[in-house]
Amino acid sequence: MPIATVNPANGETLKTYEAMDEEELERRLRLAEATFRTYRTTAFADRARLLNRAADLLDEDRAEIARVMTTEMGKPVRQARAEAAKCAKAMRWYAEHAPELLADERPAESDVKDSGASHALVRYRPLGPVLAVMPWNFPLWQVVRFAAPALMAGNVGLLKHASNVPQTALYLEDLFHRAGFTEGCFQTLLIGSGAVDEILRDERIKAATLTGSEPAGRAVASTAGEMVKKTVLELGGSDPFVVMPSADVDRAAEVAVTARVQNNGQSCIAAKRFIVHSDVYDRFTERFTEGMKALKVGDPLEEETQVGPLASEQGRADLEELVDDARRGGATVLCGGERPDGPGWYYPPTVLAGLGREMRIHREEAFGPVATLYRAADLDEAVLIANDSPFGLSSNVWTREAAEVDRFVRDLEAGGVYVNGMTASHPAFPFGGVKRSGYGRELSGHGIREFCNITTVWHGA
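Cut-offs used in this document
- Residues numbered from 1 in each chain as written.
- Predicted model: local features only at pLDDT ≥ 70, side-chain atom pairs only at ≥ 80, totals over all residues.
- Heavy atoms only, no water.
- Pairing = 2+ DSSP bridges.
- Helix = DSSP H or I, 4+ residues; strand = E, 2+ residues; numbered from the N terminus.
- Contact = heavy atoms within 4.5 Å.
- Axes fitted to C-alpha atoms, helices over the stretch in contact; angles between N-to-C directions.
- Buried < 20%, exposed > 50% of the residue type's maximum accessible area, 1.4 Å probe, protein only.
- Right-handed = clockwise from strand over helix to strand, strands pointing away.
- Polar contact = N/O pair within 3.5 Å; in protein donor to acceptor, adjacent residues only side chain to side chain.
- Core = buried A, V, L, I, M, F, W, Y, C linked by side-chain atoms within 4.5 Å.
- 1 Å grid on protein atoms, 1.4 Å probe; cavity = no way out; pocket = protein on both sides within 12 Å on 5 of 7 lines; lining within 4 Å.
- Points joined across faces, edges and corners; volume = space filled by probe spheres on them.
- Nonpolar A, V, L, I, M, F, W, Y, C, P; charged D, E, K, R; others polar.
- Phe/Tyr/Trp six-rings, centres within 6.5 Å; stacked < 30°, edge-to-face > 60°.
- Lys NZ or Arg CZ within 6 Å of the ring centre and 35° of its normal.
- Parallel < 35°, antiparallel > 145°, perpendicular 65-115°, else oblique.
- Left-handed = near helix turned anticlockwise from the far one by under 90°.

Novice: What am I meant to see in the sheet that holds strand 7 (residues 207-211) here?
Specialist: Within a beta sheet, neighbouring strands are joined by backbone hydrogen bonds and run either parallel or antiparallel to one another. Read across the open sheet, the six strands follow the order 6-5-4-7-8-18; overall the sheet is mixed. Strands at the two margins of the open sheet, each flanked by one partner only, are strand 6 (186-188) and strand 18 (438-439). Looking at chain direction, strand 5 (residues 156-160) and strand 6 are connected through three bridges and run parallel. Across the sheet, residue Gly157 finds its bridge partner in strand 6, namely Phe186. Against the sheet, helix 1 (residues 22-39) engages strand 4 (129-133), strand 5 and strand 6, with an angle of about 155° to strand 5.

So this is what it looks like as structure tokens:
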């Protein structure tokens, strides 16, 4: 895949880039290693000052970088501006909270004495250069939610971004440099996916984080396992959105539309499978389908657009195959389901009902504005349908019954359970999944400690 900006709204190639050669990659790896030796000893206050400056610059650049993101991958420009603002917020959050999140831990005095020590502690130390392999769908946020905690922990980062968002990738490198971070603290590697394996095998790379597809995750995990290097993987998702009879059905249907089509439906944590109790199924289906039909699809640079094009022609073709397979299997298309005429990689908001387990879309992630509806007779069946997926990233539950909430929290196989609301990431809460959605956590204290050497310090009596 070429490293290029191709506008998904019209298919026009705007900029192309040559992949870095081996000499330049070697220079950057040497620089990362050398920079880490000194950056790891800087004070939290100094790191926080730099990260806060990066947040200020990002706020100043918000409108400009939002247009770049929209041009590269097609998200509505209003959502792109919101993404930039969210990144600045996360930077400031980690700048403020990193010292307490990584503070020395003191074991109980009784345990210290029992170990024969005069005193002991647990200290979090940085690992070194971390390779980040990131996707195009949230081209700023996915990177910042790794970079902000990693830099505050004293690590340095090397970014291999998706090949269709090179301008955003280069902007991120420039942003951190303008903020005052030395060149080797954060570097963008303009390389193809085929070069990742060799870089990950380099002894100077101490760990890796990947957000992306299952095949990419397996490849990185396999190499990292062979090299005995720490990894964090955030892979696909097919999140359930469960609606029970006690829910505010109209509000649930309204939120469901946003939960499905955020980022043009190209989000791992977007709700994709809507599991509705029989008692409220018809009402929810009517409201939800009406909402999906009413969405404005169009030029993502126009302020009123709610759904833009998919990021790539192949992505649209993959989505069409899933819908066509479901239709052949007997699913009912309640709205959408047909590629529109004209330029660009658009696909309409689509609702499918009457799904069967043999259909591909029941097992595979639909990465676009396509929703699947399931009818559940009771809570037990709702849980069974929700868990009947290879993925386990997040989940959404709508109910006013405390006992039902407890049951869903206990039994849903997911990294998050959002009650009476849609899944959304926040720097204070850990983010990640189970099953084939990956392992490890980003954000919160759990995220910043993923790439730390958790060190026991013991002093004899």
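Novice: Where do I start with the pairing of strand 7 in this structure?
Specialist: The side chains of a regular strand alternate between both faces of the sheet. Burial within strand 7 is extensive, with five of its five residues counted as buried. Because side chains alternate across strand 7, one face comprises the buried residues Ala207, Thr209 and Thr211, and the other comprises Ala208 and Leu210, equally buried. Both strand 7 and strand 8 (residues 230-234) contribute to a ladder of five bridges, which runs parallel. Bridge pairing in strand 8 links Ala207 to Lys230. Handedness of the crossover is the feature at issue here: the chain leaves strand 7, passes through helix 8 (residues 214-227), returns alongside strand 8, and the resulting connection is right-handed.

Novice: Quick question: what am I supposed to make of the environment of Asp248 here?
Specialist: On the secondary structure map, Asp248 appears in the loop between strand 9 (239-243) and helix 9 (249-261). When the C-alpha positions of Asp248 and Arg178 are compared, they lie 48 Å apart, and in sequence the two are 70 residues distant. Excluding anything up to four places from it in sequence, Asp248 contacts Trp398 and Arg400. In this structure the side chain of Asp248 is engaged in a polar contact, spanning 3.1 Å, whose partner is the backbone nitrogen of Arg251.

Novice: How do you make sense of the nonpolar core when you look at a structure like this?
Specialist: Core analysis: the biggest nonpolar cluster contains 83 residues, and Leu58, Met91 and Leu131 have the highest contact counts within it. The element contributing the most residues to this core is helix 3 (residues 77-101), with 12 residues. Leaving out residues up to four positions away in the same chain, Leu131 has contacts with Leu158, Lys160, Leu189, Val196, Ile199, Leu200, Ile205, Ala207, Ala208 and Thr209. In terms of nonpolar packing, the next biggest core, distinct from the first, is built from 27 residues, Ala252, Phe274, Phe284 and Ala371 among them.

Novice: Please clarify how the layout of surface pockets should be interpreted in this entry.
Specialist: If a probe the size of a water molecule is rolled over the atoms, the empty space left behind becomes visible. Its boundaries defined by the atoms lining it, the largest pocket holds a volume of some 1,400 Å³. Every residue lining the largest pocket is counted, 50 residues in all, and those nearest its centre are Pro135, Trp136, Gly212, Ser213 and Ala216. Sorting the residues of the lining of the largest pocket by element identifies strand 1 (3-7), helix 7 (196-201), strand 7, helix 8 and helix 11 (313-328) as the ones contributing at least two each. Looking at the lining of the largest pocket residue by residue, the classes come out as 25 nonpolar, 16 polar and nine charged. Elements represented by at least two residues in the lining of the second largest pocket include exactly helix 3, helix 5 (141-152) and helix 9. By residue number, the principal contributor to the lining of the second largest pocket is helix 3, which donates four residues. Taken together, the residues of the lining of the second largest pocket sort by class into 11 nonpolar, 10 polar and five charged.

Novice: It is not clear to me how the packing of aromatic side chains should be interpreted in this structure. Could you clarify?
Specialist: Aromatic ring pairs are reported here in terms of the distance separating the ring centres and the angle at which the planes meet. One pass over the structure, following the stated rule, counts 11 aromatic pairs. Judged by centre distance (6.5 Å) and plane angle (35°), the ring pair of Phe241 and Phe284 falls under tilted. One end of the pair, Phe241, is in strand 9; the other, Phe284, is in helix 10 (residues 278-294), and 43 residues separate them in sequence. Accessibility classification places Phe241 together with Phe284 in one group, the buried group. Both rings, one in Phe274 and one in Phe288, keep their centres 4.7 Å apart while their planes meet at 35°; by these two values the pair is tilted. Within this pair, whereas Phe274 is found in strand 10 (residues 271-277), its partner Phe288 is found in helix 10, the two being separated by 14 residues in sequence. The burial state of Phe274 is the same as that of Phe288; both residues are buried. In this structure, Arg47 packs its charged tip against the face of Phe44, placed 5.2 Å from the ring centre. Seen from the ring of Phe391, Arg436 lies directly overhead, with NZ or CZ sitting 5.9 Å from the centre.

Novice: Would you mind going over the side chain of Asn155 with me for this structure?
Specialist: Along the chain, Asn155 falls in the loop between helix 5 and strand 5. Asn155 gets classed as buried once you look at its relative accessible area, which sits at 0%. A polar atom in the side chain of Asn155 sits 2.7 Å from the backbone nitrogen of Leu127. Separated by 2.9 Å, the side chain of Asn155 and the backbone oxygen of Phe451 make a polar contact. If we skip the residues at most four places from it in the chain, Asn155 touches Phe36, Tyr39, Pro126, Leu127, Gly128, Val130, Ala150 and Phe451.

Novice: Mind showing me how you'd approach the packing of helix 13 (residues 379-387) against helix 14 (residues 402-411) here?
Specialist: For any two helices packed against each other, the geometry comes down to the angle between their axes and how far apart the axes lie. Close contact between helix 13 and helix 14 brings their axes to 11 Å; oriented N to C, the two are set at 30°. Comparing their axes, helix 14 and helix 13 come out roughly parallel. Considering the relative orientation of helix 13 and helix 14, their crossing is right-handed. In this structure, helix 13 uses Leu379, Asp380, Ala382, Val383 and Asn387 to contact helix 14, whose residues at the interface are Glu404, Arg407, Phe408 and Asp411. Taken together, the residues that form the contact of helix 13 with helix 14 break down as four nonpolar, one polar and four charged.

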